[in-house]
Structure formats: structure tokens, C-alpha cells
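Below are the chains, spelled out letter by letter.
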Amino acid sequence: MIDLPLRGIRILAVEQYGAAPYGSMHLADLGAEVIKIESPHGGDVSRSTGPYFLGEGDSQFFQTFNLNKRSLRLDLKTPAGCEVFERLVGSADAVLNNLRGDQPAKLGLDYATLGKLNPKIVCAHLSAYGRDNERAAWPGYDYLMQAEAGFMALTGEPGQPPSRFGLSMVDYMTGTTMAMGLLAALLGAGRSGLGRDVDVSLFDVALHQLSYPATWYLNAGHETTRLERSAHPSTVPCQVYRTADGWVMVMCMLEKFWQTFIAGVDCPSLATDARFAGFPARRANREALTPLIDEALMHHDTAYWVAQFAGKIPIAPVLDVAQALDNPYVEHIDMLQSVDHPQGPQRMLRSPIKLNGQRLSGTAGPPLSGDARDLLTELGYRAGEREKLVSRGVV
């Protein structure tokens, strides 16, 4: 049994779909008691997100983002629902939400409201555009941020329509950033006795992830554009190349890697060609170099080249989703787990975090309001009161 570092921390999560649930699942994996506060009409929308369902009110999509959590269906727009929530706040360390930016204040989920009930409470807000500007009331999703923050202009092949990432990475990075901010605020509350609001938004995180292309533009006026073969904007060779049976990503980020590479592909002319002598020359002659590397690598299949250079240079096969998950290395590093579920065992990915070298394990995401009876009892509601709350649709 791993001694989880967040055991004893209670977090109320007014969340749904992907971004916040992804971040709060990291906290739950690390031992926090994460209680999902779900809407009275079907709960988290991801429970009904197909195409793969696990009975009524559950899906594989929902399970992906909600391992190790508890659930309480609660109507926060009713006085009785607010009373239940306020009692929970008294026992909680943090409240998080991923509502539209104008909603937390209206529902009393901010520190100005909840701090009166529990001065140490941390209130984390994940929204599309933030809570303090003209877009606060705008709905927003990952794909919109990829569009407006420049990601789609940098993704895909030159001359083709703008492309999004294959995954909702802005959602996942924003959820992770929220979790980091929440934990930092909890440490501060432990020292000062006072909580605070913590805000992150999809747009802000996406823009921040422009990283060095942003710095280059803001200071040198350089606009990074798409390059063929998913190439790095400054380092060559660093892109995908053809092999006899597919593609391989080669990243010669250091000169020694380049020297090892040209020796391994048995192409001595690359070592003596002045066009490729050093990073500036290779960058200037990228288009001339690409077909020469293709020609050398197409003598063997991808597996051959990965084995040839394993541990010597940065190299990886380009795999599809099935190949990526069936990769023996994934099994070897214990990144897969079987989670018990009423509908049968579910194969899931494990947390990427290790504690003392051990992977963290997961329990199935909760049935909708599956923890209502225990939580209401803990909060002091008697049997008749609990039944009344249920019959009125409050919980």
C-alpha cells in the first residue's frame, strides 16, 4: 500500500467533461478525496458521451477522467442544495470548477463567498477565457483555443488547411495547470490560514504554450510557420523520414547525434558534404538533405533503424494508436491497469506519476450520486431528511 501524499485533503469538484476532471483525477490518484458535485439532470455530461457505454449513466469516456473519485448529485440552484454544499465546504480544503467564467460568482463558488464559511478554502476556477474580462460569459472549448492561439497554423503540412492536434491537449494541460495552482494555494493556506481564488483558462494556457515561437516573434519579429514532415523550426535533422515500411522520427539535437547517425546509416558522403556541416548549414539546406536521408533509411524497415540507433540517438517509430498501446514497452513500464467495474474489468492507462518507484492504481469512476447517502449522513442529515432531499430532486 502506497502512502499517498494527498490523503486527508478533501476537494469538491463542480466539474464535467474533460479539462477539470483530468486535472482533478491527478489529485485523486495522489490520494485526495475528490467529490464530484454533479448536476441533478444526468450528472457530468461525459456520462452520456459515447459511443462506448457501461450501462445507464456511465461510459468509457467518463471512466477515462474520473478514476478514484466520489459523486454527489446536487442542485446548487436551490436553497436546500446550497445548504448541503455549504456544509461540505466546512469540511473541505478546496473547491474547483470548470464553469463559464461568469458562473462561479453567481453560484457562490468563489472565495468572496466561500471564504466566509471556511477561511482556509482554496477556490480554483478553470474557464474558457477567465472571469475578469469581456469574454467571461463566452463558452469555449479546446479546439477554439487551438485555432485562436496559433496552434492550428503550426500543425500539419505546409499549404494544407489548418489542422488541430489529434488530442485535446489544451484541455489536459489546463487541467494539469489548475491542479498545480490549487496545490500551491493549499500550501499557502497551510502557512497563512487563508485560502484564495486560483484562476486558469484554456486560452491563457494555450497562449503560454506558444513558448519560444512567442518569444521569437515578440522580440525578433520572427513568425514560426509549418514545415514539412513535422520538422523542428531550427534544428536539422529533426523530423520524420521514410523507411522501407513506414516512418521514423529522428532528432539529432546535438552534433554528436548527427555524427552517430551518418555513421550508422553508412552514408559517408553526408559527413563530407559542406552543405550539412553544422546546424546553420543543415538548416539552410534542409530541403536538399531530406531526400538523401530518406534514400538511406529506405534500405531497411522502421524496426531495424530503431534497433540500430536505440540509446545512441533520439529516435522513435511513428505508430498508430493501436500500435502505441500494444507496444511491449508500455506493458513493461506498467502503464496499463485493469480497473474493476460493475460492467466488467476495464483496461485503463495508469497515472504517469510514480511514488518511490511505484505506479499509482485506480478504482472505477463513481456511479452518479453513489456517495450521497454516506456524505449526507456525515453532514448530519437524518434518514427522513435524506429521503426528502432525494424526493425533491436536490440530490
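Keep in mind it's a predicted model, so treat the numbers as computed, not measured.

**Comments concerning the sheet that holds strand β3 (residues 70–73)**
Note: strands within a sheet are paired through backbone hydrogen bonds, in either parallel or antiparallel orientation. If you trace the six strands from one edge of the open sheet to the other, you get β3-β2-β1-β4-β5-β6, paired in parallel fashion. Every interior strand has two partners, whereas the edge strands, β3 and β6 (197–201), have only one. Taking the axes of each pair of neighbouring strands and ignoring which way they run, one obtains an average angle of 20 degrees across the sheet. One ladder, built from four bridges, connects strand β2 (residues 33–38) with β3; its direction is parallel. Among the inter-strand pairings, K36 is bridged to a residue of β3, identified as S71. Packing of helix α1 (residues 19–29) onto the sheet brings it into contact with β1 (10–14), β2, β4 (94–97) and β5 (122–127), and relative to β2 it is tilted by some 155 degrees. In this fold helix α3 (residues 79–91) packs onto β1, β2, β3 and β4, with an angle of close to 145 degrees to the strand it touches most, β1.

**Regarding the pairing of β5**
Both faces of the sheet carry side chains from a regular strand, because those side chains alternate between them. With respect to burial, β5 is a largely interior element, six of its six residues being buried. Residues of β5 alternate between two faces, with V122, A124 and L126 on one and C123, H125 and S127 on the opposite face, all of them buried. Looking at chain direction, β4 and β5 are connected through four bridges and run parallel. Bridge pairing links V95 to C123 in β5.

**Looking at the layout of surface pockets**
When its volume is computed, the second largest pocket comes out at roughly 710 Å³. Taken together, 22 residues make up the lining of the second largest pocket; nearest its centre are L154, T155, F165, S230 and A231. Listing elements by their share of the lining of the second largest pocket, those giving two or more residues are α7 (151–154) and α10 (211–220). Split into classes, the residues belonging to the lining of the second largest pocket amount to 11 nonpolar, nine polar and two charged.

**Considerations on the nonpolar core**
Ranked by internal contacts, the top residues of the largest apolar core, which has 37 residues, are I11, L27, L96, V122, M145 and L182. Breaking this core down by element, the ones donating at least two residues are β1, α1, β4, β5, α8 (169–192), β6 and α9 (202–208). Not counting the four nearest positions on each side in its chain, L27 is found in contact with L6, I11, A32, V34, A179, L182 and L183.

**Remarks on the packing of helix α11 (residues 255–264) against helix α15 (residues 302–309)**
One can describe the packing of α11 onto α15 by two numbers: an axis separation of 11 Å at closest approach and a directional angle of 130 degrees. In terms of orientation, α11 and α15 fall into the oblique class. For the pair α11 and α15, the sense of crossing is right-handed. Within the contact between the two elements, α11 uses T260, F261 and G264 and α15 uses W305, Q308 and F309. The class makeup of the residues in the contact of α11 with α15 is three nonpolar, three polar and no charged.

**Considerations on the environment of D93**
With respect to the secondary-structure elements, D93 resides in the loop between α3 and β4. Those residues within four positions of D93 in sequence are excluded, and the remaining contacts are G8, I9, R10, K120, I121, V122 and L186.

**Some thoughts on the packing of aromatic side chains**
Counted by the stated rule, this structure contains 12 aromatic pairs. Plain terms: the ring middles of F65 and Y172 are 6.0 Å apart, the flat faces sit at 35 degrees to each other, and that makes the pair tilted. Of this pair, F65 sits in helix α2 (residues 60–65) while Y172 sits in helix α8, placing them 107 residues apart in sequence. Within the aromatic cluster, the residues linked to one another by ring pairs are Y17, Y22, F61, F65 and Y172. The cationic tip of R135 hangs over the ring face of F203; the distance from NZ or CZ to the ring centre is 5.9 Å. The ring of F279 is capped by R282, whose NZ or CZ atom sits 4.7 Å from the centre of that ring.

**A word on the side chain of Q63**
Mapped onto the elements, Q63 comes out in helix α2. The class for Q63 is buried, based on a relative accessible area of 2%. Polar side-chain contacts of Q63 include one of 2.6 Å to the backbone nitrogen of G365. If we ignore the near neighbours within four places in the chain, the residues touching Q63 are L54, D58, H341, M348, A364 and G365.

Thresholds applied
- Residues numbered from 1 in each chain as written.
- Predicted model: local features only at pLDDT ≥ 70, side-chain atom pairs only at ≥ 80, totals over all residues.
- Heavy atoms only, no water.
- Pairing = 2+ DSSP bridges.
- Helix = DSSP H or I, 4+ residues; strand = E, 2+ residues; numbered from the N terminus.
- Axes fitted to C-alpha atoms, helices over the stretch in contact; angles between N-to-C directions.
- Contact = heavy atoms within 4.5 Å.
- Buried < 20%, exposed > 50% of the residue type's maximum accessible area, 1.4 Å probe, protein only.
- 1 Å grid on protein atoms, 1.4 Å probe; cavity = no way out; pocket = protein on both sides within 12 Å on 5 of 7 lines; lining within 4 Å.
- Points joined across faces, edges and corners; volume = space filled by probe spheres on them.
- Nonpolar A, V, L, I, M, F, W, Y, C, P; charged D, E, K, R; others polar.
- Core = buried A, V, L, I, M, F, W, Y, C linked by side-chain atoms within 4.5 Å.
- Parallel < 35°, antiparallel > 145°, perpendicular 65-115°, else oblique.
- Left-handed = near helix turned anticlockwise from the far one by under 90°.
- Phe/Tyr/Trp six-rings, centres within 6.5 Å; stacked < 30°, edge-to-face > 60°.
- Lys NZ or Arg CZ within 6 Å of the ring centre and 35° of its normal.
- Polar contact = N/O pair within 3.5 Å; in protein donor to acceptor, adjacent residues only side chain to side chain.

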